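# Residue-level structural notes
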Amino acid sequence: MRIALITEGTYPFVVGGVSVWCDQLIRGLSDFEFEVIALTGNGLETPAYPSPPNLKGVVNFPLWNTVRRSRSRQRPSRWFAQVHQSFVSALVQPNWGTTYFLWALRAMAGYAQQANLGEALLSEAALGRLIKAWKGHHPQDLSDAPLPDLTLHDALMASQLIEHLLRPLQLIPPKAEVYHAVSNGPAALVGMLGKWHYRAPFVLTEHGVYLRERYLSYLQAPYSSSVQILILNFFRLLSSAAYRMADLIVPVSEYNRRWEERNGAFPSSIRPIHNGIDPALFPPPEKEPEVPTLTFVGRIDPLKDLHTLIESFAYTKEHVPNARLRMFGPTPAGNERYRESCEKLIEELGLQGAATFEGRISPAARGYQAGHVAVLSSISESFPYAVIEAMSCARATVSTDVGGVAEAVGDAGILVPARDPVAMGKACVELLTDDQRRIAMGKAARERVLKHFTLERFLNDYRKMYHDVVFFSSTPKIPTEPKTPTELLVAAKS
């Protein structure tokens, strides 16, 4: 069986997180062939992982380069205008338009194979349709706030962002038995294309809650409110369309299930599979460090909310004066200013020398073993490797209660609210000053990993999932002239 694994901004060009999951899956399922379709920035990325024998190829498809494919044949403008009208109407009224949005996606995918979709989306006529739909929007009830003004500049900015995100519609993916997108968003578009071109099943895995993370990101971005509304409506519609199209949704936590069902996924199509690790790679150390130490292992990123971690450490140090905070992990490109803000906060709180950034550590187990307690302060997670890796090292954990963290920790760690440095600081003080509780919690944590979160269990679950989705998937026939919303949805799904 050949699996087309579709990634965005991760494997095989970026180390850590989702890329670890992809590498585990491909190497562990050596009886399957894989082809990776990687959505990247500019297409110039170099692989960060050595290619396993069963990885038969990597397609690097850039989303953010400046070159768009030109097409010699153009379809009638009136035809595209009808498609684009459905598309922008859905963008303005997402509660009304998921079905029409999905139909428009498929129609634009066909258009992109014969004409320049980017030029069509950014044409003067297309911008005019978007502005007209925006101005013609009428609140559905009294609780709906009126829309802000949409200038021509705003319409162009939103359309440019959306054009980049829709570029996968140009792609004819390599043939495979299963198309497996490892995130929602543009990666899911490729999964839909595989289903439309080859009638093969489409599987969707979400590591984080893609839509929630887009809201966290774009609401902080320097765009006008009207651009934010349009781009977030786009992500909301695309997420919902992907849930409807997927033959099987395989989130990494039960927490994700609730988001997926609320945004249109059918409950019967959801089958969570938790992440797994090889416990032999994360063994308990022979002894604890001499100095009371907290450790963080992960990338330096705003979603990890290291400001809260540093502020919580200031509280901890007041009660455990010789405590240390050691932070291990890379600073991804683009996050340098965030790293600088963390270092500035350390200086402001007088924690120089006690709270330190120590870069990437290999093997990662050394990072967890370097402390008494492992800490995770994220504001958004799904089912983080950092928690189960620390637990496998028999380390007690203090983690924010976000996403699927509670599913991982169970009663073998302490959960605290996100963005609450005092609660996190108090929990760290409790564990650093209570040796008996801390050690017992660490032992229970490793036992929990051995029982529920091993790599062997993870691979067996995915092997069975792939066979099941191929065996049970079926494709409805395409109506020749879909007219009703129900017929349009059937047509798009087929």
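Check the entry above for the structure.
What this report covers is the structure whose coordinates are included nearby. (Residues numbered from 1 in each chain as written. Predicted model: local features only at pLDDT ≥ 70, side-chain atom pairs only at ≥ 80, totals over all residues. Heavy atoms only, no water.)

### With respect to the environment of Ala355
- Mapped onto the elements of the fold, Ala355 is located in strand S9 (residues 355-357).
- Along the chain, Ala355 and Leu325 lie 30 residues apart, while their C-alpha atoms are 4.6 Å from each other.
- Residues within four places of Ala355 in sequence aside, it is in contact with Phe313, Leu325, Met327 and Ile346. (Helix = DSSP H or I, 4+ residues; strand = E, 2+ residues; numbered from the N terminus. Contact = heavy atoms within 4.5 Å.)

### Describing the packing of aromatic side chains
- The full count for this structure, using the stated rule, is 20 aromatic pairs.
- The interplanar angle of 20° and the centroid separation of 6.3 Å between the aromatic rings of Tyr218 and Tyr223 together place this pair among those described as stacked.
- For Tyr218, a relative accessible area of 13% corresponds to the buried category.
- Judged by its relative accessible area of 26%, Tyr223 falls in the partly exposed class.
- Taking the centre distance of 5.1 Å and the plane angle of 55° together, the rings of Phe458 and Tyr462 count as tilted. Here Phe458 and its partner Tyr462 are both found in helix H18 (residues 455-472), four residues apart, which amounts to about one turn of the helix. As far as burial versus exposure is concerned, Phe458 and Tyr462 are alike and both buried. (Phe/Tyr/Trp six-rings, centres within 6.5 Å; stacked < 30°, edge-to-face > 60°. Buried < 20%, exposed > 50% of the residue type's maximum accessible area, 1.4 Å probe, protein only.)

### Focus: the sheet that holds strand S12 (residues 414-416)
- The parallel open sheet is built from six strands, whose spatial order is S9-S8-S7-S10-S11-S12. This sheet does not close on itself; its edge strands, each paired only once, are S9 and S12. On average, each strand axis in the sheet is inclined to that of its neighbour by 20°, with strand direction left out of account.
- Relative to S12, strand S11 (residues 396-400) is paired through three bridges, and the arrangement is parallel. Residue Val398 lies in a different strand from S12, and its bridge partner there is Ile414.
- Packing of helix H11 (residues 306-319) onto the sheet brings it into contact with strand S7 (293-297), strand S8 (324-328), S9 and strand S10 (373-376), and relative to S8 it is tilted by some 160°. (Pairing = 2+ DSSP bridges. Axes fitted to C-alpha atoms, helices over the stretch in contact; angles between N-to-C directions.)

### What to know about the pairing of S8
- Pairing analysis gives five bridges linking S7 to S8, with the strands arranged parallel. Pairing of Thr295 across the sheet is with Arg326, part of S8.
- Note that S8 and S9 share three bridges and pair parallel. By the bridge assignment for S9, Leu325 is matched with Ala355.
- On the question of chirality, the crossover connecting S8 to the parallel S9 by way of helix H12 (residues 336-348) is right-handed. (Right-handed = clockwise from strand over helix to strand, strands pointing away.)

### Regarding helix H10 (residues 254-262)
- Where H10 is concerned, the buried positions are Tyr255, Asn256 and Glu260. Angular distribution of buried residues about the axis of H10 spans 135°; they occupy a single face of the element. Those residues of H10 that are exposed and aimed more than 90 degrees away from the buried face are Arg258 and Arg262.
- In this structure, the buried residues of H10 make contact with helix H8 (210-218), helix H9 (225-245), strand S6 (248-249) and helix H15 (405-409).
- Looking one or two places after H10, you find Gly264, whose phi comes out positive at around 110°. (Arc of directions from axis to C-beta.)

### Comments concerning the pattern of salt bridges
- Scanning the model with the defined rule gives 19 salt bridges in all.
- The shortest N-O distance in the salt bridge between Glu33 and Arg2 comes to 2.9 Å. Here Glu33 is found in strand S2 (residues 33-40), whereas its partner Arg2 is found in strand S1 (residues 2-8), with 31 residues between them in sequence.
- When its relative accessible area of 33% is taken as the criterion, Glu33 is described as partly exposed.
- Salt-bridge contacts for Asp468 lead to Lys464; the nearest nitrogen and oxygen are separated by 2.8 Å. A residue pair is termed a helical-turn pair when its members lie 3 or 4 positions apart in one helix, as Asp468 and Lys464 do in helix H18 at four residues.
- Residue class for Asp468 comes out buried when judged on its relative accessible area of 15%.
- Through salt bridges with shared partners, a single ionic network connects Arg2, Glu33 and Glu35. (Salt bridge = Lys/Arg side-chain N within 4 Å of Asp/Glu carboxyl O.)

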